[in-house]
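Per-entry structural report
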Amino acid sequence: MSDMTDHATKGRLLGRSKVEDLVIVPLFALVAALILGAVVMVATGVDLATIGRSYVALLQGSVGSVNAISETLTAALPLVLAGLGLALGFRAGLFNIGAEGQVVMGGLAAVVAGVALGDLPAVIALPGAILAGAVTGAFYAGIAGWLRAATGAHEVISTIMLNLISYRLLDYLLRTPLIQKEGRADPISKSVPEVAELPRLLTFLDPNLRLHAGIFLTLAMVALAYWLLFRSKLGFEFRASGENAVAARFAGMNASLTIVLAMAIAGALAGIAGANQTLGVLGRATPGFSAGIGFDAIAVALLGRSHPVGVLFAGVLFGALEAGGRQMQVDAGVSIDLIGIIQSLIIVFIAAPLLVKALFPWGFRRDQTKEGGS
Amino acid sequence: MRVELRNITKRFGPVVANKGVNLTIEPGQVLGLLGENGAGKSTLMNVLCGLYSPNEGEIQIDGQSVRFAGPGEAIRAGIGMVHQHFMLVPVFTVAENVILGIEPVGRFDHLDLTTARSEVSRLSAEYGLAVDPDAIIETLPVGIQQRVEIIKVLFREADVLILDEPTAVLTPQEVDEFFQIVRSLCEAGKAIVFITHKLNEILDISDRIAVIRRGEIVGTGDPKKLARPDLAEMMVGHPVDFDVARAPFVPGDVILGIQDLTVLRDDGAVAVDDISFQVRSGEVVGIAGVQGNGQSALIEALAGLRRVVSGQVRFDGTDITQASPRERHRLGIAHIPEDRQRAGLIGTFTVAENMVLDSYYAPPYSAGTSIDWGRVHTDAAAVAEQYDVRTPSVHTSAAHLSGGNQQKLVVARELSRDTRFVIAGQPTRGLDVGSIAFIHERLMAARDEGDGLLIVSSELDEIMALSDRILVMFKGRIVAEYAPHDAPVDKGDIGLAMAGARV
């Protein structure tokens, strides 16, 4: 029976190392990134007082006021939504780089649908517009999924190409009469009618607060993604295929169907992220409105360890960095690009947990339990 | 060169892999190291060859204490290991593989192969290895590839050779030849450590036997004075029953009929070449053969995982040639895959998740779109208990179970439902004696309940113990058939058939 106690100890230690992986490593990664960010600032000739001021601004701009929190959350929502989709794909073993293109197509479709449904009441127009975004995103990602399942074309390549196509397709479509705003010569879409807008939530406090109803949509999607991944049959198939595609096939799961569905659902979530932007923040579609959300979402999904709740927190962190970064630029005159550097450093540190553990040895259990050989 | 392990203890976190091990390796002798999988054989040998450093104890070479910082230092000290999984570059020649890592280079970084080639020829002649230095590895049979591994170690001037489960990939004839080589190495004064869990082999080849259990040496002895049951008991810790209990052979109707079946390998070569045979209810058909003669492709085709190029598979009268794996599962065909790690289990999934890997999609485990995890956990716990899967809970990851428990988990999943036919690939490969006996018992229980069974194994002993009928596969064809219940079968005959001799 000593056998059993061995296993029990192992189980408990594993619990501990899970906490380390999910909480402590990201936390230290953030700290390390901020320190290294300061080093970068020093190296580029920023004096210490300004560095201090910029980090204070980062904090104030992200959580220092109601407006800051509203901005943080507003920036976080599309990242969480697209990040959830990517996380589902990662769980299914698909490295989908195409969220950006799916955000573009979904966001544009939401505008088109919103305009078309503009005469109907909000209860129909708004869900209709969001659904259009989801379906379009799903279809656009489904192309890559189908190519992978039917021909073996790798999704990394095909989704990158679909991103490039989506940018040019957006430019083209924004100039077509159906979509382009009347009387404008530049590529800009018609405005989303009020019935199809995601209403702002905090205007009773201050009309400038941008946080909108997309937050409910996002939280619902986090719950849905969690259910899908850990409670549903489909999620079981996603996880099985992602962890061990051979065993999944041997167990009778349909690999092709899994790939297409995982891509389509990922695309639907990215499409909703696009709709969230056009219906909730921008009110229209313009060239480049996706603003790299689909790429930042990859980092969010990785930082969140492809877990819906992790993605939620990671998205909020990235939203905070973005909102705080804008404040940093205003208050301390430090370039917003520094935020990009800090975000990237966080990911690098997350990806290299051993490095983080080496930098902060006192944060971790000393005796590393390795799996013993036989 | 005499190597002594003194009081070696190796821990991984709280897990003690080796505890106070004392072992002496004498030149000119074969030390047989016997133990079940997970007993600590490999860890001990990895300590000896410098991969791990021990937490306590020391290694002495000719009375001098040594410490190895890595495998490189152990090799320089004359200790070389032939791993169970060969570490050869398939597209390189023998000589190129032999010098890999210690390439002799001349001026302008010119690779000097001439010396290596003549040295390979010399070693090959000296120990009767019969290896051509210019042969490309991937064109060589496994038996010869193994000799290349031995040459690699000899080329590095090792005096102590550690052979980790060396016979796992060999035919009975190849095993005999291999033992010849081991003896000639001994005569040349080399010390051999022969790691295995096979009792017959260790009794055949060893000059001295050490048995390891739960990380400790539980006994050493002279093979001439030890009997098989004693060794087995030492290894497992309790008496072992070797005979597979079987009810009389009462064949029923034909349940599986294979007609002119042809199946290709991934690279397009013919793997299964136009074969036909039948399996009856209550009958165990065993497929013997050296690995790589089409058995895997045959199993995969029967499980619906590999496309059938021509021919037909009929199950209980219905044509299932094109049926999906899931349809076959529904018909009551169970499949225990050859490679449990890769195909049978998902290591990161829990025991419970693995238990429903192929039945999660239907009642009672799911209704509509969601899975009833409560039901899954209760049932998984009951089945795990019934099939002796030793796990702290059904929430433990499958990867944390021992090999035997992992395989029992796969067997439990496949056999715990209503089955009519069982396809089992290497059902006990690499397992401990206790798990082997348990799995054999379960397979025979399925037979006695009227299932048809098709068992593929490269362990001839296993095929002979379980089968009502034995088919030998060679190069994709069935080259011989034996019915042990009609006439006694000679193991040597089967071995010859496995090697392709006309029978």
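Residues numbered from 1 in each chain as written. Chains lettered and ligands numbered in written order. Predicted model: local features only at pLDDT ≥ 70, side-chain atom pairs only at ≥ 80, totals over all residues. Heavy atoms only, no water.

For chain B, the name recorded in an unreviewed UniProt entry is ABC transporter, with Aliiroseovarius zhejiangensis as its organism.

Selection rule: UniProt positions are given in the numbering used here, feature names are shortened, and annotations may be inferred rather than shown by experiment.
An unreviewed UniProt entry lists chain A under the name ABC transporter permease, from Aliiroseovarius zhejiangensis. The annotation that UniProt attaches to chain A under Subcellular location (unreviewed entry) is "Cell membrane".

Here's the deal with the overall build of chain B
Selection criterion: Put simply, DSSP H or I for four residues or longer makes a helix, DSSP E for two residues or longer makes a strand, and each gets a number counted from the N terminus. Partly exposed describes any residue whose relative accessible area lies between the buried limit of under 20% and the exposed limit of over 50%, with all areas from a 1.4 Å probe on protein chains only and scaled to the type maximum. Contacts are residue-level and defined by heavy atoms, with any inter-residue pair within 4.5 Å sufficient. The method behind every accessible area is Shrake-Rupley, applied with a 1.4 Å probe, and residues are considered shielded solely by the protein chains displayed. All tallies of charge rest on Lys and Arg as positive and Asp and Glu as negative; His and the ends of each chain are not included. Every charge is mapped to an atom, namely NZ of Lys, CZ of Arg, CG of Asp or CD of Glu.
Scanning chain B for helices and strands turns up 17 helices and 22 strands. Considered along the principal axes of its C-alpha atoms, chain B spans approximately 70 × 50 × 50 Å. Burial status across chain B gives 53% buried among its 503 residues. At a minimum sequence separation of 6, the contacts of chain B that also span at least 24 residues come to 67%. Here chain B displays about 20900 Å² of accessible surface, and carbon together with sulfur accounts for 48% of that area. The averaged location of the 68 negative side-chain charges in chain B is 2 Å from the averaged location of its 48 positive side-chain charges.

Quick notes on the pairing of strand 3 (residues 30–35) of chain B
Residues and elements named next belong to chain B. Going by this rule: Pairs of strands are assigned from DSSP output, requiring at least two bridges between the strands.
Strand 3 sits mainly inside the fold: 6 of its 6 residues count as buried. Burial along strand 3 is two-sided: Val-30, Gly-32 and Leu-34 facing one way and Leu-31, Leu-33 and Gly-35 facing the other are all buried. As judged from the 5 bridges shared by strand 3 and strand 9 (residues 208–213), these two strands associate in the parallel manner. Note that in strand 9 the partner of Gly-35 across the bridge is Ile-212.

Considering a nonpolar patch on the surface
Filter applied, for reference: A patch is a set of surface residues, each over 30% in relative accessible area and not in a salt bridge, joined within 9 Å for like charges and within 5 Å for the nonpolar side chains Val, Leu, Ile, Met, Phe, Trp and Tyr. We count a salt bridge whenever a side-chain nitrogen from Lys or Arg sits within 4 Å of a carboxyl oxygen from Asp or Glu.
A surface patch of nonpolar side chains, about 360 Å² in accessible area, is lined by Val-19, Leu-22, Val-23 and Leu-27 of chain A. Overall, the relative accessible area of 45% leaves Val-23 of chain A in the partly exposed class.

Let's talk about the packing of aromatic side chains
Residues and elements named next belong to chain B. Filter applied, for reference: Under the pairing criterion, centres of Phe, Tyr and Trp rings, with the six-membered ring standing for Trp, must be within 6.5 Å; the plane angle then separates stacked pairs below 30 degrees from edge-to-face pairs above 60, leaving the rest tilted.
Tallied over the full model, the rule gives 12 aromatic pairs over all chains. Between Phe-179 and Phe-194 the ring centres are 5.9 Å apart and the planes differ by 70°, which places this aromatic pair in the edge-to-face class. Of this pair, Phe-179 sits in helix 6 (residues 172–187) while Phe-194 sits in strand 8 (residues 191–196), placing them 15 residues apart in sequence. Both residues of the pair, Phe-179 and Phe-194, belong to the buried class. Summarising the aromatic geometry, the rings of Tyr-387 and Phe-438 are spaced 6.4 Å apart at their centres and angled 75° between planes, so their arrangement reads as edge-to-face. Placement of Tyr-387 in the loop between helix 13 (373–386) and helix 14 (403–415) and of Phe-438 in helix 15 (residues 433–448) is noted, with a sequence separation of 51 residues between them.

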